[in-house]
Amino acid sequence: MTGDGTRGLEFDPIDQARTQWVESGWADAADGMAAVTSLMRAHQIVLARVEATLKPLGVTFARYEVLMLLWFSKRGSLPMKIIGSRLQVHPTSVTNAVDRLEDAGLVTRSTHPDDRRAYLVALTPAGRELAERATKALNTEVFEQPGLPSRDLGTLVDVLTRLRRGAGDF
């Protein structure tokens, strides 16, 4: 079985697709297609592992990211606009995540004391405790054993950082 619960194949379909790209006259695009497709498949595999780890705790990765951003903040609270900016997501996604976290009693939302148009999101004690439990689970089940030898991890992070930088991510 693969990381997302599907049965592994006897061959690499992305490598086969790359060969077909070349044979179809698209050799200039073949490596890029294989890289993009491999990256997307790797994302599916890793996300499935992360979500399987977090599901018993009742939180998605998107909500976990909000909890951890608040957990690492000096005051345990941040304006919603800052949350969206730091997580690099659309304001609607932040609102959705905060709504769910607030419904679960993991965060509170209040009018920002210095700007009545803005909202401040704060971590509750229950949110702090869940963030710590979720981090312990993710560290043990995913981050400490990401599926690659440690010698490859630095290279992977460097390559992905260059990709993100080139895309204007930061």
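Structure: above.
Residue positions within a chain follow its written sequence, with the count starting from 1. Owing to the predicted nature of the model, reporting of local features is limited to residues with pLDDT of at least 70; listing and counting of side-chain atom pairs is limited to 80 or more, with chain, interface and lining totals taken over all residues. Hydrogens and waters are ignored; side-chain quantities use all the structure's heavy atoms.

Asks: Looking at this model, I keep getting lost on the overall build of the protein chain. Mind explaining?
Replies: Working definition: helices are DSSP H or I runs of at least four residues, strands are E runs of at least two. Numbering for both runs from the N terminus. Helix and strand counts for the protein chain come out as seven helices and three strands. Listed N to C, the secondary structure of the protein chain is α-α-α-β-α-α-β-β-α-α in terms of helices and strands. Over its C-alpha atoms the protein chain spans a radius of gyration of 20 Å, topping by over 25% the 15 Å that the globule rule assigns to 170 residues. Along the three orthogonal principal directions, the C-alpha set of the protein chain runs to about 65 × 35 × 30 Å. The proportion of buried residues among the 170 residues of the protein chain is 25%. The contact criterion used throughout is that any non-hydrogen atoms of two residues lie within 4.5 Å. Sequence separation of 24 or more characterises 49% of the internal contacts of the protein chain that already satisfy a separation of 6 or more. Surface accessibility in these figures is a Shrake-Rupley result with a 1.4 Å probe; residues are shielded only by whichever protein chains are displayed. Carbon and sulfur atoms make up 55% of the accessible area of the protein chain, which totals about 11,600 Å². Positive charges come from Lys and Arg, negative ones from Asp and Glu, while His and the chain ends are left out of the count. Charge positions come from single atoms, namely NZ of Lys, CZ of Arg, CG of Asp or CD of Glu. For the protein chain, the distance from the average site of its 21 positive side-chain charges to the average site of its 21 negative ones is 8 Å. The globule rule is 2.2 Å times the number of residues to the power 0.38, and the radius of gyration it is compared with is taken over C-alpha atoms. Each residue is assigned to one of three classes by its accessible area relative to the maximum for its type, calculated with a 1.4 Å probe on protein chains only: buried under 20%, partly exposed between the two thresholds, exposed over 50%.

Asks: I tried to follow unusual backbone geometry on my own but got confused; where do I start?
Replies: For residues other than glycine, phi is negative in most cases, and the peptide bonds are mostly trans. Phi at Q88 takes a positive value of approximately 60°, unusual for a residue other than glycine. When you line up the elements, Q88 lands in the loop between α4 (80-87) and α5 (91-103). Take Q88: its relative accessible area is 46%, and that puts it in the partly exposed class.

Asks: Before we go on, may I ask you to explain the sheet that holds strand β1 (residues 77-79) in this structure?
Replies: Two orientations exist for strands paired in a sheet by backbone hydrogen bonds: parallel and antiparallel. In this analysis, strands are considered paired if DSSP registers two or more bridges between them. Judged by pairing direction, the sheet is antiparallel, and its three strands sit side by side in the order β1-β3-β2 without closing on themselves. Two strands lie at the open edges of the sheet, namely β1 and β2 (107-112), each paired on one side alone. Pairs of neighbouring strands in the sheet enclose a mean axial angle of 25°, with direction left out of account. Sheet topology places β2 next to strand β3 (residues 115-123); six bridges connect them, and they run antiparallel. Residue pairing in the sheet places V107 in a bridge with L123 of β3. Note on method: axes are straight lines fitted to C-alpha atoms, helices fitted across the in-contact stretch only, with angles between N-to-C directions ranging 0 to 180 degrees. Packed onto the sheet, α4 meets β1, β2 and β3 and runs at close to 90° relative to β1.

Asks: Before we go on, may I ask you to explain the nonpolar core in this structure?
Replies: As a rule of thumb, soluble globular proteins bury nonpolar side chains together. Put simply, a nonpolar core is a bunch of buried Ala, Val, Leu, Ile, Met, Phe, Trp, Tyr and Cys residues held in one set by side-chain atoms that sit within 4.5 Å of each other. Core analysis: the largest hydrophobic core is formed by 26 residues, its most contacted members being V66, L67, L70, I83 and V107. Listing elements by their share of this core, those giving two or more residues are α2 (27-54), α3 (61-72), α4, α5, β3 and α6 (125-143). If you tally residues by element for this core, the top one is α3, at six residues. Residues contacting V66, with those up to four places away along its chain left out, are I83, L87, A97, V98 and L101.

Asks: For this particular structure, what's the right way to read the pairing of β3?
Replies: In the case of a regular strand, side chains alternate between the two sheet surfaces. With three bridges joining them, β1 and β3 adopt antiparallel strand pairing. Paired with P79 across the bridge in β3 is L120. Between β2 and the antiparallel strand that follows it, β3, lie two residues.

Asks: So what exactly am I meant to see when it comes to α4 here?
Replies: Each turn of an α-helix holds 3.6 residues, which means side chains three or four residues apart point in the same direction. Those residues of α4 not exposed but buried are M80, I83, G84 and L87. Down the axis of α4, the sector holding all buried residues measures 95°, keeping them to one side. Among the exposed residues of α4, those oriented more than 90 degrees off its buried face are K81, S85 and R86. Tucked into the core, α4 has its buried residues touching α3, β1, α5, β2 and β3. Remark: Q88 follows α4 within two positions and exhibits a positive phi of approximately 60°. As used here, the arc is the angular range of directions from the helix axis to the C-beta atoms.

Asks: Looking at this structure, I do not really get the side chain of T53. What am I missing?
Replies: Among the secondary structure elements, T53 is positioned in helix α2. T53 has contacts with A137, L138, E141 and V142, leaving out every residue within four places of it along the chain.

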